[in-house]
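The lines below spell out each chain.
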Amino acid sequence: MATDVQIAVCKVVSANPATGEILREFECTTQAQVHAALARARAAQPDWNERGVRKRIAILREFQRMLHEKKSEIARLITREAGKPYVEALLTEILVVLDATRFYVDNGYRLLREERVPHGNLAMKAKAGRIVREPYGVIGIISPWNYPFSIPATEGLAALVAGNAVVVKPSEFTSLAALELAWLLHEAGVPKHVFQVVIGDGAVGAGLINADIDKLVFTGSVPTGKRIAQAAASRLLPVILELGGKDPMLVLNDADVEVVSSGAVWGAFVNAGQACLSVERCYVHRSLYEPFLEACVGKTRQLRVGDGMAADTDVGPLIHERQVRNVESDVEDARSHGARVLTGGTRLMELGPNFYAPTVLADVTHEMRIMRDETFGPVLPVMPFDSDEEAVRLANDSEYGLAASVWTRDRARGEAIARRIQAGTVMVNDAVSCFGISEAPHGGVKASGVGRTHGRFGLDEMVRIKYVDSDRLPGVKKVWWYGYGQAFTRQMEGFLDLQFARNWGQRLRGALRSAGVYARKGKV
Ligand code: NAD
């Protein structure tokens, strides 16, 4: 009940982080309203499921058409609410969702249909098995502010196509993007109660977990993820946890400095570094260290920081001032422990309180917070290494394991190193963009999370796997039923030899010894 009171008084605000303009204020959804939303979702879900995958796919296709038509309007809204440059909103939000929809439209039916399960065990040959994929019921989604449209959309679309109802609790900073998503889905034909949004802060998220959801997809920070895992454990709620990252970038000694420095600068500063997959630590072979730093500094200084609505802006503001302070504090910690600030390292107060200059740091070490904690800001800390072995060791020396990248002219070498890095995804010669590959599973290892979203594996997370097995000889008692005795034991020994003995003579003898079993009738 204490939670009810806490939720009832809360208000959240959507504001433009570039200008401070208040876009809209919301009263938080109360706990009672969260429960009511769940009840409506549960009541509406069976009908949604019974429509079948093909009809749901038709609605997704319409959603895709409408999203494409409204791409500019929605991208502008995302930029105003989350700060990222308009072109990034187009590429990392709208394009990602259009393509994810394409994936579910093209593959949803094939991936969700029943699957025959052939039986290898000779004793089970008279049975027919099927994998049936059943929706969980109501999926709860709790999402962050950094990709306020594409995260709830890609997760929500997977849940919907599989026949679930969805209740989303977006970040308190980006309610408008989630409401826009809901509006589009409803216009496309998803029933109102099948996709709902509840508004508010962490307390409302906690309320959603306590309500009657069947599975939770959480995307956010590691500390919140741990709290959520604890809350979910108390009622054995299945959860997917898409958490933070400290993604390493490994630049091998054969890399092309001109290309790789551009990749590093984009990978570290896209969305002002507020991407779970952004380059958070960069390791460069010592032979390339100085030219690489020089190239990165030159390219970073060319970046135009400003309001994301301006067409020539490369880097927008951080989401709020608290985030700026986090970044500032990590950079100061590095500086005080001997890191060199080659460019940036300051706020850009002339642009507003939420702007921080894209920053390149050299001579960082693993003793500094900047190489251990998720910074989530426009900082590229660079450290040299002497051997591939050392690079792999440094990459794996982290509590996180979301993604990583390896940069080399030799793809085979890059892929060999990729296999040794502890991460959910490793890209060779690019970073971050795996989020736009709808076929690719997304998720982490170690503290970066549990479970997968996106692609085939993401769809499988949205269904319960049920196994249905039916016996083709319903009128026959099974030979393994009661009525044990010496004869049956000998037959079974023979049966095991028939199937598993390594020499053919023993197999043949096994076949003869077990032959009688087929005529055996259960005695009980
Ligand atoms: P956050 O953990 O502060 O909040 C995420 C969501 O959880 C918000 O909606 C918030 O209101 C809600 N929440 C907070 N406390 C809660 C509680 N006790 N119970 C239930 N819900 C609660 O994260 P953020 O600052 O919004 O997002 C940034 C973080 O998200 C970064 O760590 C980033 O790496 C991570 N992230 C991960 C991925 C991924 O796919 N792995 C993608 C994007 C962002």
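Our subject in this report is the structure included herewith. (Residues numbered from 1 in each chain as written. Predicted model: local features only at pLDDT ≥ 70, side-chain atom pairs only at ≥ 80, totals over all residues. Heavy atoms only, no water.)

1. Digging into the overall build of the protein
Convention followed: Think of it this way: any DSSP run of H or I at least four residues long counts as a helix, any run of E at least two long counts as a strand, and we number them from the N terminus. Buried, partly exposed and exposed residues are distinguished by accessible area as a fraction of the type maximum, computed with a 1.4 Å probe on protein chains only: under 20%, between the cut-offs, and over 50%, respectively. For this analysis, residues touch if any pair of their heavy atoms sits within 4.5 Å. Per-residue and other accessible areas follow the Shrake-Rupley method at a 1.4 Å probe size, with only the shown protein chains counted as cover for residues. By the counting scheme adopted, Arg and Lys are positive, Glu and Asp are negative, and His together with the chain ends is not counted. Charge coordinates come from a single atom per side chain, which is NZ of Lys, CZ of Arg, CG of Asp or CD of Glu.
Secondary structure assignment for the protein yields 17 helices and 18 strands. Residue burial in the protein is summarised as follows: out of 524 residues, 55% are buried. In the protein, once contacts between residues fewer than 6 apart in sequence are set aside, the share between residues at least 24 apart is 71%. Total accessible area computed for the protein in this model is approximately 22500 Å², and 55% of it derives from carbon and sulfur atoms. Here the protein contributes 64 positively and 61 negatively charged side chains, and the mean placements of these two sets differ by 12 Å.

2. Focus: the sheet that holds strand β16 (residues 425-428)
What counts, and what does not: Whether two strands pair depends on DSSP finding at least two bridges between them. A fitted line through C-alpha atoms represents every axis, and for helices the fit uses only the stretch in contact; the resulting angles, taken between N-to-C directions, go from 0 to 180 degrees.
Taking strand neighbours across the sheet as the criterion, the 7 strands line up as β12-β13-β14-β11-β10-β15-β16 in an open arrangement whose pairing is mixed. Edge positions in the sheet fall to β12 (340-343) and β16, since each has one partner strand and no second. Averaged over all pairs of adjacent strands, the angle between their axes in this sheet comes to 25°, without regard to strand direction. Across 3 bridges, the pairing between β12 and strand β13 (residues 359-362) is antiparallel. Counterpart to threonine 343 in the pairing with β13 is valine 360. Strands β10 (247-251), β11 (279-285), β12, β13 and β14 (379-385) of the sheet are contacted by helix α11 (residues 289-301), whose axis makes an angle of about 50° with β12.

3. Describing the pairing of strand β8 (residues 215-219)
Look at any regular strand and the pattern is simple: side chains alternate between the two faces of the sheet. Basically, it comes down to this: If the strands point away from the viewer and the path from the first strand over the helix to the second runs clockwise, then the crossover is right-handed.
Counting buried residues along β8, 5 of its 5 residues qualify, which places the element largely inside the surrounding structure. Taken together, the 4 bridges between β8 and strand β9 (residues 239-242) define a ladder with parallel strand orientation. Residue pairing across strands places threonine 219 opposite glutamate 242, the latter belonging to β9. A crossover connection joins β8 to the parallel β9 through helix α9 (residues 222-234); in handedness this β-α-β unit is right-handed.

4. Description of the sheet that holds strand β3 (residues 115-117)
Reading across from one edge, β3-β4-β18 is the order of the 3 strands in this open sheet, with antiparallel pairing throughout. For this open sheet the edge positions go to β3 and β18 (463-471), each flanked by a neighbour on one side alone. Averaged over all pairs of adjacent strands, the angle between their axes in this sheet comes to 30°, without regard to strand direction.

5. Details of the pattern of salt bridges
To be explicit about the condition: Here, a salt bridge means any Lys or Arg side-chain nitrogen found within 4 Å of an Asp or Glu carboxyl oxygen.
Under the criterion given, the structure shown has 38 salt bridges. For arginine 347, the salt bridge identified is with glutamate 321, shortest N-O distance 2.7 Å. Of this pair, arginine 347 sits in the loop between β12 and β13 while glutamate 321 sits in helix α12 (residues 321-336), and the two are 26 residues apart along the sequence. Take glutamate 321: its relative accessible area is 26%, and that puts it in the partly exposed class. Salt-bridge contacts for aspartate 471 lead to lysine 478; the nearest nitrogen and oxygen are separated by 3.0 Å. Residue class for aspartate 471 comes out partly exposed when judged on its relative accessible area of 23%. Judged by relative accessible area, lysine 478 falls into the buried class, the value being 11%. One salt-bridge network, in which partners are shared between bridges, spans Glu321, Arg325, Glu328 and Arg347.

Geometry only, nothing functional implied.
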